[in-house]
Each structure stands twice: as structure tokens, then as C-alpha cells.
Amino acid sequence: MQRHDLAAPPLRDRTRRRLAKGLVAAACLLPLMATASGAERKTVQTPEATIVYHAQGRGPLIMVIASTGRGTEEFGLLAERLVARGYRVLRPEPRGIGGSVGPMDGVSFHDFAKDFAAVIQQEGGTPTIVAGHAYGNWIARVIATDFPALTRGVVLLAAGARTWPKELSDAITMINDPKSTEAQRLAGLRLGFFAAGNDPRPWLDGWYEDVTKSQRAARQRTRQADWWAGGRAPLLDLQGGADPFRPVASRLELKEEFADRVTVKIVEGASHALPAEKPMETADAVADWADRLPR
């Protein structure tokens, strides 16, 4: 037997092997590191509801509220960009989605505003930029009205005009209807939500019909005067350039009414699904505006 067959490998070889093992271990940890740096799932309890929300990042608070009948999962890229810009992002799920529960009947925008105000209070209660997408902009404005001390500013993400064609509301009803075909739903998404060249297929899923019904009923129980002005907070009116809910003639309706409180910005190549169509551009527009607000 030759001794060199049983001898320990040279020092250089042993170092290489240890280094290789270390690299393998590091690679195994990468998924865990990615998870740890992502959003944390948290819960807040109110007298009426249990609200689940996702929180990530450090810095001044920005809350993002979802549109009709949808949750906040689609705001992932938007949130990551805002975190990179130095903000802590909160994404509360509405009642009926993602573990959030509470009465769905006999409620108004004020009840939903209380849900999300409780999230801000749990996160320290510092004045927060509240960004509402489409339907969510109404809730954001109610928060600013009912909880002014918690509101630093309001972002209207693809907010509808004072009025819009009924066919757009009908499209939302049809998209939520499980009896609608995929072709019908795609046509509705292209009509009301996605600009030409943008893929609407990711929005074939993620609709909650019971949530849509509850939210629409809540709108009927809330006076427009309760949310229209958004309290006295600064407003960023961020519009998709191809949004049929916000035709060109309505571009400046809020600016003309509330003057210096309102900043209007248009994101071209986007429709009513603005933050899903153009998440980076949306996030940068929000952060650029927020950076200029008084602390």
C-alpha cells in the first residue's frame, strides 16, 4: 500500500474544499435571505375587523390601497421600488381578501378607513402618505378626512373623474362574473384597464366578487362630500395617459377646484391599471412628489 493514497490532501486542496463548502452553504441561505428582506405579514385587530397587511422597508410611511375587488399582491414591484427610494411601504388587504375579515354588509367608506387607519396607528401613528388605486383612492381620501393627523398626503392612483361612462362600470361587473368567458373578460380588461400593448392576462385572476359587491354597496352608503376633498392634505393626482375613467377633459378637474393642494402628473402608456402596468414609473412619481413634502 502506498502511503500517499491515505494521506491528508495538501493544504491548498483542503482550503479549496472548505471554500467550496462555504459557497454551497451561502447559496442555500440565499432564498432565506431574500425572504427575510421582503415584506412581513402583520395583523391588526380593531373592534370591528381583523386586518392583514404587508410591511417592508424603512423610512417615512406610504400606504397603498387596492382597487375594486382586488388585493395588494400586484403592488409587489411598486413596493420594492418605493422601499429602494427610502420608504416603508404598508399594503393592507381589504375585508374579504388575504385573511382580512370583518362585516361586509351595512358598512361604508368610513368603516374601511378605520381599518386602514388602525394599520397606520400600529406602525407608530406617524403622518403617512396614503395612496389609493382606482376605488382605493376614495378610501384614501376618507382617511385624510377622518384621520387628518395620520395623513401626510394623498396619492390618487388612476382615480376616476367625477363621472364616467356606465359601460366601464358594467365591464367591472362582467369581469367579476364567473360565468363570463375568458375572451369577454379580456375584452373588458382592454376596454377599462389596460392600454394598447400592455398585457391584461395577469388580471384575469385576483378578482373577488363578494368584495366588489360589498365595496359598491359601501359607496352607496357614503356621501361624495365625505371623500371628494380628501380633507386638507396635499394631493398627487397621478393619471394614466390612456385611462378611459379619466378622459382628457377631466384632467384638471381637481386642480381647478383645489388649486395649489393638487399636483397633476400623467404617466403615458398606461390606463386604469396604472400601478400594475407601469410600477416603476408610478413608484418614482410618488417618491419624487413625497420627497418634496414637508416632514
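What counts and how
Residues numbered from 1 in each chain as written. Predicted model: local features only at pLDDT ≥ 70, side-chain atom pairs only at ≥ 80, totals over all residues. Heavy atoms only, no water. Helix = DSSP H or I, 4+ residues; strand = E, 2+ residues; numbered from the N terminus. Contact = heavy atoms within 4.5 Å. Areas by Shrake-Rupley, 256 points an atom, 1.4 Å probe, with all protein chains shown as cover. Buried < 20%, exposed > 50% of the residue type's maximum accessible area, 1.4 Å probe, protein only. Pairing = 2+ DSSP bridges. pLDDT = per-residue confidence, 0-100. Phe/Tyr/Trp six-rings, centres within 6.5 Å; stacked < 30°, edge-to-face > 60°. Axes fitted to C-alpha atoms, helices over the stretch in contact; angles between N-to-C directions. Parallel < 35°, antiparallel > 145°, perpendicular 65-115°, else oblique. Nonpolar A, V, L, I, M, F, W, Y, C, P; charged D, E, K, R; others polar. Left-handed = near helix turned anticlockwise from the far one by under 90°. Expected span 1.5 Å × (residues − 1).

1. Things to note about the overall build of the protein chain
When its secondary structure is counted, the protein chain shows ten helices and eight strands. Nonlocal contacts in the protein chain, meaning residues at least 24 apart in sequence, comprise 74% of its contacts between residues at least 6 apart. Accessible surface for the protein chain amounts to roughly 14500 Å². Of this, 55% is attributable to carbon and sulfur atoms.

2. Concerning the pairing of strand β3 (residues 61-65)
Here β3 lies mainly inside the structure; five of its five residues are buried. Burial along β3 is two-sided: the residues Leu61, Met63 and Ile65 and Ile62 and Val64 are all buried. Pairing geometry for β3 and strand β4 (residues 88-92), over three bridges, is parallel. Across the sheet, the residue bridging to Leu61 is Arg88, located in β4.

3. Description of the confidence of the model for the protein chain
Per-chain confidence: the protein chain averages 89 in pLDDT, with 87% of residues scoring 70 or above. Below a pLDDT of 50 lies the segment residues 1-37, which in the model reaches three contacts outside its immediate sequence neighbourhood of four places, other chains included.

4. So, the packing of aromatic side chains
In total, this model carries twelve aromatic pairs according to the counting rule given. Each ring, one from Phe109 and one from Trp138, has its centre 5.8 Å from the other, and the planes form 25°; the classification is stacked. Of the two residues, Phe109 sits in helix α3 (residues 109-122) while Trp138 sits in helix α4 (residues 135-146), which places them 29 residues apart along the sequence. Across the pair, Trp138 and Phe109 agree in class, each one buried. Measuring from centroid to centroid gives 5.5 Å for Phe194 and Trp203, while their planes differ by 90°, and the two rings are edge-to-face. Judged by its relative accessible area of 7%, Phe194 falls in the buried class. Of the residues examined, Trp203 reaches a relative accessible area of 2% and is grouped as buried.

5. Some thoughts on the sheet that holds strand β7 (residues 235-240)
Pairing is mixed across the open sheet formed by eight strands, whose spatial order is β1-β2-β4-β3-β5-β6-β7-β8. Two strands in the sheet have a free side with no partner beyond their single neighbour: β1 (40-45) and β8 (262-267). On average, each strand axis in the sheet is inclined to that of its neighbour by 25°, with strand direction left out of account. Of the strand pairs in this sheet, β3 and strand β5 (residues 128-133) are connected by four bridges, and their pairing is parallel. Residue pairing across strands places Met63 opposite Val130, the latter belonging to β5. In the packing of helix α2 (residues 76-84) onto the sheet, contacts are made with β2 (50-56), β3 and β4, and the angle to β4 comes to roughly 155°.

6. Things to note about the packing of α3 against α4
In contact at an axis separation of 9 Å, α3 and α4 are set at 75° when each is read in the N-to-C sense. Classed by the angle they form, the pair α3 and α4 counts as roughly perpendicular. Taken together, the residues of α4 that come into contact with α3 (itself represented by Phe109, His110, Phe112, Ala113 and Phe116) are Tyr135, Trp138, Ile139, Val142, Ile143 and Asp146. Each residue belonging to the contact of α3 with α4 can be placed in one class, and the counts come to nine nonpolar, one polar and one charged.

7. So, the packing of helix α5 (residues 166-176) against helix α7 (residues 209-220)
Following both chains from N to C, one finds α5 and α7 inclined at 150°, their axes separated by 9 Å at the closest point. Judged by the sense of rotation from one axis to the other, the crossing of α5 with α7 is left-handed. Every residue of α7 that contacts α5 at Ser169, Ile172, Thr173 and Asn176 is listed here: Glu209, Thr212 and Arg216. Partitioned by chemical class, the residues of the contact of α5 with α7 number one nonpolar, four polar and two charged.

8. Looking at unusual backbone geometry
In the Ramachandran plot, Ala134 falls in the positive-phi region, its phi being about 50° despite a non-glycine side chain. Considering the arrangement of structural elements, one finds Ala134 in the loop between β5 and α4. In this model, Ala259 sits at a positive phi of 55°, which is unusual for a non-glycine residue. Assignment of secondary structure puts Ala259 in the loop between α8 (253-258) and β8. Taking the relative accessible area as the measure of exposure, Ala259 reaches 38% and is therefore partly exposed.

9. Digging into helix α10 (residues 279-291)
Residue pairs three or four apart in sequence face the same way in an α-helix, which turns once every 3.6 residues. The terminal C-alpha atoms of α10 lie 18 Å apart, and with 13 residues this matches the ideal 18 Å at 1.5 Å per residue to within 8%. Considered for burial, the residues of α10 that qualify are Pro279, Thr282, Ala283, Asp284, Ala285, Val286, Ala287, Trp289 and Ala290.

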